[in-house]
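Analysis of the macromolecular model
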Amino acid sequence: MPTLIKSTTCHLNKILEGLKQDSVNKSTIIKNATDISSKLNSLKKDDYFKETISCLSQFLEQTIKEMNRRFNDTALTLIEGCAIFEDYKSFSNSSEKMIEQLCDCFSLNENEKDGVLSDYKSFMFVASQKVKTNGYPITDLLEANIGYEHLKKLSESILCIPIGTPTVERSFSAMNRIMTNLRNRMGQDTLQYCMKISIEGDEDPSIEYVDEVIDLYATKKTRRIRFK
């Protein structure tokens, strides 16, 4: 029993840290944690382990709740829908229902959804011819010069899904570097522009660029020169 509790809690902890957030093990993990939680509740009669078991039981209940929150129906549908575009075999084995559910995840209207389904049916013929190849459907869709406009937009939306949080965390770090106590009156637009320059701009701007910025700053507003 202690070994089972330890292994399950360690596994759950790794998942919640984002080391292994896959939908395949989700139901099994939650079932195991639920079974352990039930067994712990039945062992509360022993006063010696009462406090420890109560804390562990509470931890497991919170973990189960967090797992259910993270792996909701929309998230699982999105994961399964994006997996369709990994290779042509997966795309050929997909269905219109999966595409419709994927469109619902991106809140597409009826006209856009009909366009995606129409492109999907057309591209399915191409996919059936390339099942044994090593190509990627999403790459071929984005490189296609003619047709598949709606399915191409859906592919672009899939590529915009963040796979991690480091980019967001770096943005907050950049904001903290820029928005200091001496700049507490900086407006939202100015802060946004400064963050874009800090995150996406060149490390060493050219002299011509600096001169253009100075000239633009000078022409924005008439400034009074102060003499000592």
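A short tour of the structure in this document, coming up. (Residues numbered from 1 in each chain as written. Predicted model: local features only at pLDDT ≥ 70, side-chain atom pairs only at ≥ 80, totals over all residues. Heavy atoms only, no water.)

On to the overall build of the protein chain, then. Regarding its fold elements, the protein chain presents 12 helices and 0 strands. Secondary structure elements in the protein chain, listed N-terminal to C-terminal, are α-α-α-α-α-α-α-α-α-α-α-α. Classification of the 228 residues of the protein chain by burial places 24% in the buried group. Residue pairs at least 24 apart in sequence account for 61% of intrachain contacts in the protein chain once pairs closer than 6 positions are excluded. With the model as given, the accessible surface of the protein chain reaches about 17200 Å², and the carbon-plus-sulfur share is 53%. (Helix = DSSP H or I, 4+ residues; strand = E, 2+ residues; numbered from the N terminus. Buried < 20%, exposed > 50% of the residue type's maximum accessible area, 1.4 Å probe, protein only. Contact = heavy atoms within 4.5 Å. Areas by Shrake-Rupley, 256 points an atom, 1.4 Å probe, with all protein chains shown as cover.)

A word on a nonpolar patch on the surface. A contiguous nonpolar surface patch, about 440 Å² in accessible area, is contributed by Ile197, Tyr209, Val210, Val213 and Ile214. When residues in the nonpolar patch are grouped by element, the largest group, 4 residues, is from helix H12 (residues 207–220). For Ile197, a relative accessible area of 52% corresponds to the exposed category. (Patch = residues over 30% accessible without salt bridge, like charges linked within 9 Å, V, L, I, M, F, W, Y side chains within 5 Å. Salt bridge = Lys/Arg side-chain N within 4 Å of Asp/Glu carboxyl O.)

Here the focus is the packing of aromatic side chains. Given two aromatic rings, their pairing is described by the distance between the two centres and the angle made by the two planes. Here the structure, examined in full by the defined rule, presents 5 aromatic pairs. Relative to Phe123, the ring of Phe91 has its centre 5.3 Å away and its plane inclined at 90 degrees; by these criteria the two rings are edge-to-face. Placement of Phe91 in helix H5 (residues 88–92) and of Phe123 in helix H7 (residues 110–129) is noted, with a sequence separation of 32 residues between them. Each member of the pair, Phe91 as well as Phe123, carries the same accessibility label: buried. Cluster of aromatic residues (ring-pair linked, three or more members): Phe85, Tyr88, Phe91, Tyr120, Phe123 and Tyr148. (Phe/Tyr/Trp six-rings, centres within 6.5 Å; stacked < 30°, edge-to-face > 60°.)

Phe85, Phe91, Ile99, Phe123, Leu151 and Leu154 are the most contacted members of the largest nonpolar core, which totals 20 residues. Only H5, helix H6 (96–105), H7, helix H8 (137–143) and helix H9 (149–159) provide two or more residues apiece to this core. At 6 residues, the largest contribution of residues to this core is made by H7. Excluding residues that lie within four positions of it along the chain, Phe91 makes contacts with Ile84, Phe85, Tyr120, Phe123, Met124, Ala127, Pro137 and Leu151. (Core = buried A, V, L, I, M, F, W, Y, C linked by side-chain atoms within 4.5 Å.)

Where helix H10 (residues 166–178) meets helix H11 (residues 188–200), the closest approach of the two axes is 10 Å, and the angle between their N-to-C directions is 115 degrees. As H10 packs across H11, the resulting crossing turns out to be right-handed. Contacts from Ser171, Ala174, Met175, Arg177 and Ile178 in H10 reach Leu191, Cys194, Met195, Ser198 and Ile199 in H11. (Axes fitted to C-alpha atoms, helices over the stretch in contact; angles between N-to-C directions. Left-handed = near helix turned anticlockwise from the far one by under 90°.)

Attention shifts here to the side chain of Ser155. With respect to the helices and strands, Ser155 occurs in helix H9. Under the relative-accessibility criterion, Ser155 is labelled buried at 0%. Once residues within four sequence positions are removed from consideration, Ser155 is found in contact with Phe85, Ile138, Leu141 and Leu142.

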